[in-house]
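In case you want the letters, here they are:
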Amino acid sequence: MISPRLRQFAALATGVLLATCLSLAAPASASTTATQTQTPLVVNARWGGHATFDRIVIDLQGYPPGTTVTPVAQLIYDGSGKPVPLAGKYFLEIRLNPAAAHNDAGESVYQGPKLQKVYLSKLKGIALTGDYEGYVTFGAAFDTLPYYRAYSLHSPERFVVDIAH
């Protein structure tokens, strides 16, 4: 028969061992958290035409940032407020946050087009319109009202906008 004193000692030793293991594990989880909190990088934008839709793909490094796709009356460059010279009657603004198209040294990591005419069924142009204070913004131009679906894909990380024909 085990004495009550031995049970108390075993419980105390188990608690100390568990607390020690948890404290040793904390730095590893903290470094994982630090890695996950680094700002995602926008490294490329590309597009393609398919039988029933055109597609815009924004390639990312890191976790997928929050993204909004909004119809706008015109495209403007963030910061300057100048109009983006893309021909079209309808426009979509794609905003990623938090995100950056530059590294910590301020050097661009974005390899895609800054301003590009496109000759697809629906998509007529795409532009990088901003990379400032945690926001990366793109604009897309269309001749007709775009009906679209936006979503994230993983491994590798990317954000996709499909525009129906």
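These remarks concern the structure in this document. Not measured: the values here are computed from a predicted model.

Turning next to the overall build of the protein. In terms of regular secondary structure, the protein is built from 1 helix and 9 strands. Tracing the protein from N to C terminus, the helices and strands come up as α-β-β-β-β-β-β-β-β-β. Scored against the burial criterion, the 165 residues of the protein give a buried share of 33%. In the protein, the share of contacts with a sequence separation of at least 24, taken over all contacts with a separation of at least 6, comes to 61%. Accessible surface computed for the protein: about 10,000 Å², of which carbon and sulfur atoms make up 59%.

The subject of this paragraph is the environment of lysine 117. Its location among the elements puts lysine 117 in strand 5 (residues 115–117). With a relative accessible area of 54%, lysine 117 lands in the exposed category. Sequence spacing of lysine 117 and alanine 87 is 30 residues, and the spatial spacing of their C-alpha atoms is 8.3 Å. Setting aside its immediate chain neighbours within four residues, lysine 117 contacts Lys124 and Gly125.

Moving on, we come to the sheet that holds strand 7 (residues 135–142). Judged by pairing direction, the sheet is antiparallel, and its 5 strands sit side by side in the order 3-4-7-6-5 without closing on themselves. The strands lining the two open edges of the sheet, one partner per strand, are strand 3 (66–72) and strand 5. Adjacent strand axes in the sheet meet at a mean angle of 15°, parallel and antiparallel pairs treated alike.

Structurally, the position occupied by arginine 149 is in strand 8 (residues 148–153). You can call arginine 149 exposed: its relative accessible area is 52%. In sequence terms arginine 149 and isoleucine 163 are 14 residues apart; their C-alpha atoms lie 6.7 Å from each other.

For strand 6 (residues 123–132), the tally of buried residues reaches 7 of 10 residues, placing the bulk of the element in the interior. Counted between consecutive antiparallel strands, the loop separating strand 5 from strand 6 contains 5 residues. As judged from the 8 bridges shared by strand 6 and strand 7, these two strands associate in the antiparallel manner. Pairing of isoleucine 126 across the sheet is with alanine 140, part of strand 7. What sits between the antiparallel neighbours strand 6 and strand 7 is a turn of 2 residues, in which glutamate 133 has the positive phi angle 45°.

Our focus in this paragraph is the side chain of aspartate 59. Turning to its location among the elements, aspartate 59 is positioned in strand 2 (residues 53–61). Other than its neighbours up to four places away in sequence, aspartate 59 contacts Leu41, Val42, Val43, Asn44, Arg46, Glu157 and Arg158.

For aspartate 131, the position within the fold is in strand 6. Sequence separation between aspartate 131 and histidine 102 is 29 residues, and the spatial gap between their C-alpha atoms is 7.9 Å. With residues near it in sequence (within four places) discarded, aspartate 131 still touches Ala100, Ala101, His102 and Val136. At a separation of 2.7 Å, a polar atom in the side chain of aspartate 131 contacts the side chain of histidine 102.

What counts and what doesn't
Residues numbered from 1 in each chain as written. Predicted model: local features only at pLDDT ≥ 70, side-chain atom pairs only at ≥ 80, totals over all residues. Heavy atoms only, no water. Helix = DSSP H or I, 4+ residues; strand = E, 2+ residues; numbered from the N terminus. Buried < 20%, exposed > 50% of the residue type's maximum accessible area, 1.4 Å probe, protein only. Contact = heavy atoms within 4.5 Å. Areas by Shrake-Rupley, 256 points an atom, 1.4 Å probe, with all protein chains shown as cover. Pairing = 2+ DSSP bridges. Axes fitted to C-alpha atoms, helices over the stretch in contact; angles between N-to-C directions. Polar contact = N/O pair within 3.5 Å; in protein donor to acceptor, adjacent residues only side chain to side chain.

As far as function goes, none of this settles anything; it's purely spatial.
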